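# Overview (structure and organization)
Single-letter residue listing:
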Amino acid sequence: MARLTVKDVNYKNMRVLIRVDFNVPIDAEGKITNDFRIVSSLPTINKILEDGGSVICMSHLGRPKGEGYEAEFSLKPVQERLSRLLGIPVAFAPDCVGDEAKALAAALKPGEVLLLENLRFYKQEKKNDPAFSATLASFGDAYVNDAFGTSHRAHASTVGVAQHFDCVTSGLLLEKELIYLKDKLDDPVRPYTAILGGAKISGKIDTIRHLMDKVDNLIVGGGMIFTFYKAMGYEIGKSLVEDDRIELAKEILEAVKTSRVNFMLPVDVVAAGAFENDALSTIVDVDQIPADQIGLDIGPRTVKQFAEVIRSSKTVLWNGPMGVFEMPNFAKGTEAVCAAVADATEHGAVTLVGGGDSVAAVKKLGFSDKISHVSTGGGASLELISGLTLPAVAEISEKSCGCGCGCK
Ligand code: AMP
């Protein structure tokens with residue numbers, strides 16, 4: 001069954017409560033330094049306004065203690081930016097619940113927008129407190145979720161609120177994430193290749209296990225390779241290792257032997273004497289890492305092998321850098337993988353990039369428009385590609401929900 005989206009409903013004369021992700025970076029002077037997330041929410045807000053509805057935006061920002069107002073985490077700067085981007089005034093409720101928020105929501109007329117102050121000034125938000133959800137829900141006639149980045153969390157504004165409405169729709173931003181990271185990966189065009197990198201095995205273990213049975217090629221790079229090499233009995237020098245995950249690495253190595261997946265680990269690495277950009281480095285085979293060296297990137301023979309597989313794939317999923325890409329001298333592996341993914345897109349593959357660091361690498365290299373979909377959610381995208389059902393996504397109604405919302 002297809003999910004219900006804002007496109008399926010006419011919101012004329014409705015006050016629509018939208019969970020957006022306005023968790024934007026704000027500097028010490030209160031200036032928003034990157035408004036990408038606000039800009040991304042505009043299509044959903046505008047759709048509702050064009051229908052003749054009004055909008056109540058709610059979001060978190062940063063990590064306040066949950067014990068009341070903290071100036072540095074106020075959404076007030078977002079009010080002004082949202083207003084500028086929409087080209088209309090945006091009202092602001094200085095407390096996300098309480099009499100003033102209630103009155104401002106009740107007074108909304110079609111075409112008007114209200115922004116509530118940071119939800120996480122209340123600890124009840126993250127605790128999915130029923131009374132807190134009920135209060136938020138009482139502000140709207142309909143509820144839309146457009147915050148992919150928090151959809152893996154069962155919070156009051158993502159799950160509790162949804163349970164007060166018969167019909168819950170996904171916003172256009174959330175829907176796009178789900179089309180790419182769920183629908184397209186549930187039924188991938190093959191060959192399907194997943195590339196996993198990043199620092200540790202521990203955060204990616206469920207992802208590796210899940211993808212092993214789904215993909216044709218599973219490429220692994222980044223710091224986690226050294227736990228595999230140690231499990232294989234290789235000398236790994238001073239490279240990053242998780243000793244408490246060695247048994248797990250052995251289990252995976254055993255499992256891939258009997259699975260149909262082409263499991264690829266690097267064959268060579270760039271090793272250096274210190275964790276510094278300017279440290280003297282050499283390229284060594286993975287079973288020849290000197291005892292005093294640290295592996296900081298994948299080597300050129302590996303890049304060639306990985307790139308060949310990526311370029312011949314029809315679906316490519318990438319999460320996590322191949323090396324310590326923050327240091328320019330150890331970014332070549334990540335850059336080459338990024339270029340190969342972009343190349344695959346040009347040759348007709350569906351390519352998806354998720355996870356903070358790989359997304360940062362794509363943007364830094366200017367490849368954003370050469371990837372089919374660059375995800376906005378780090379943790380949420382990792383959970384989704386690990387086959388988990390995201391709690392907030394589970395609340396989205398199916399098409400033809402039959403509630404009389406106009407979705408039939
Ligand atoms: P994650 O948050 O797990 O995706 O990890 C991203 C981090 O992994 C980045 O900060 C990289 O610098 C780091 N990383 C990648 N390769 C290595 C490596 N060989 N040794 C240490 N850290 C690494």
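The structure presented is a predicted model; accordingly, all values stated were derived computationally and were not measured.

## Topic: the site of the ligand
Around the ligand lies a shell of 14 residues, among which Ala199, Gly223, Gly295, Glu326 and Asp357 are the nearest. In the environment of the ligand, a nitrogen atom lies 3.1 Å from a nitrogen or oxygen atom belonging to the backbone of glycine 223. One of the backbone nitrogen or oxygen atoms of glycine 295 is found 3.0 Å away from a nitrogen atom of the ligand. In the complex, 77% of the free accessible area of the ligand, which totals 510 Å², lies under the protein chains.

## Section: the sheet that holds strand 10 (residues 268–272)
One open sheet accounts for three strands, arranged 11-10-12; its pairing is antiparallel. What marks the edges here is a single partner per strand, and that holds for strand 11 (281–285) and strand 12 (294–298). Strand-to-strand twist across the sheet, computed as the mean angle between neighbouring axes with direction ignored, equals 40 degrees. Bridging between strand 10 and strand 11 involves five bridges; their strand directions are antiparallel. Of the residues in strand 11, the one forming a bridge with valine 269 is valine 284. The sheet contacts of helix 11 (residues 300–311) involve strand 10, strand 11 and strand 12, and relative to strand 12 the element is tilted by about 35 degrees.

## Some words on the domain arrangement of the chain
The assigned domain composition of the chain is domain 1 (6–174) and domain 2 (188–385). Of note, the centres of domain 1 and domain 2, computed from C-alpha atoms alone, are 36 Å apart. Roughly 620 Å² is buried in total at the junction of domain 1 and domain 2, and carbon and sulfur atoms are behind 67% of that figure. For domain 1, the biggest contributors to the area lost against domain 2 are Phe36, Phe148 and His152; these three give 72% of the whole. Between the two partners, domain 1 and domain 2, sit one salt bridge. Residues glutamate 383 and arginine 153 are paired through a salt bridge, measuring 4.0 Å at the closest nitrogen-oxygen approach. On the surface where domain 1 and domain 2 come into contact, there are zero residue pairs in polar contact (both at pLDDT 80 or more).

## Quick notes on the pattern of salt bridges
By the definition in use, this model includes 21 salt bridges. Among the salt bridges present, the one from arginine 260 reaches aspartate 216, with a minimum N-O distance of 2.5 Å. You can see arginine 260 sitting in the loop between helix 10 (246–258) and strand 9 (262–264) and its partner aspartate 216 sitting in the loop between helix 8 (205–212) and strand 8 (217–220), a full 44 residues away along the chain. With a relative accessible area of 54%, arginine 260 lands in the exposed category. A cluster of three or more residues bridged by salt bridges with shared partners is formed by Arg3, Glu175 and Asp183.

## Considerations on the packing of aromatic side chains
As enumerated under the stated definition, the model contains six aromatic pairs in all. Judged by centre distance (6.1 Å) and plane angle (70 degrees), the ring pair of phenylalanine 226 and tyrosine 229 falls under edge-to-face. Of the two residues, phenylalanine 226 and tyrosine 229 both sit in helix 9 (residues 225–231), three residues apart, roughly one turn of that helix. In this structure, phenylalanine 226 and tyrosine 229 share a single accessibility class: buried.

Each value, and the rule that gives it
Residues numbered from 1 in each chain as written. Predicted model: local features only at pLDDT ≥ 70, side-chain atom pairs only at ≥ 80, totals over all residues. Heavy atoms only, no water. Near = heavy atom within 4 Å. Polar contact = N/O pair within 3.5 Å; in protein donor to acceptor, adjacent residues only side chain to side chain. Areas by Shrake-Rupley, 256 points an atom, 1.4 Å probe, with all protein chains shown as cover. Pairing = 2+ DSSP bridges. Helix = DSSP H or I, 4+ residues; strand = E, 2+ residues; numbered from the N terminus. Axes fitted to C-alpha atoms, helices over the stretch in contact; angles between N-to-C directions. Contact = heavy atoms within 4.5 Å. Domains from an automatic or database assignment. Buried area = accessible area lost by both parts, 1.4 Å probe. Salt bridge = Lys/Arg side-chain N within 4 Å of Asp/Glu carboxyl O. Buried < 20%, exposed > 50% of the residue type's maximum accessible area, 1.4 Å probe, protein only. Phe/Tyr/Trp six-rings, centres within 6.5 Å; stacked < 30°, edge-to-face > 60°.

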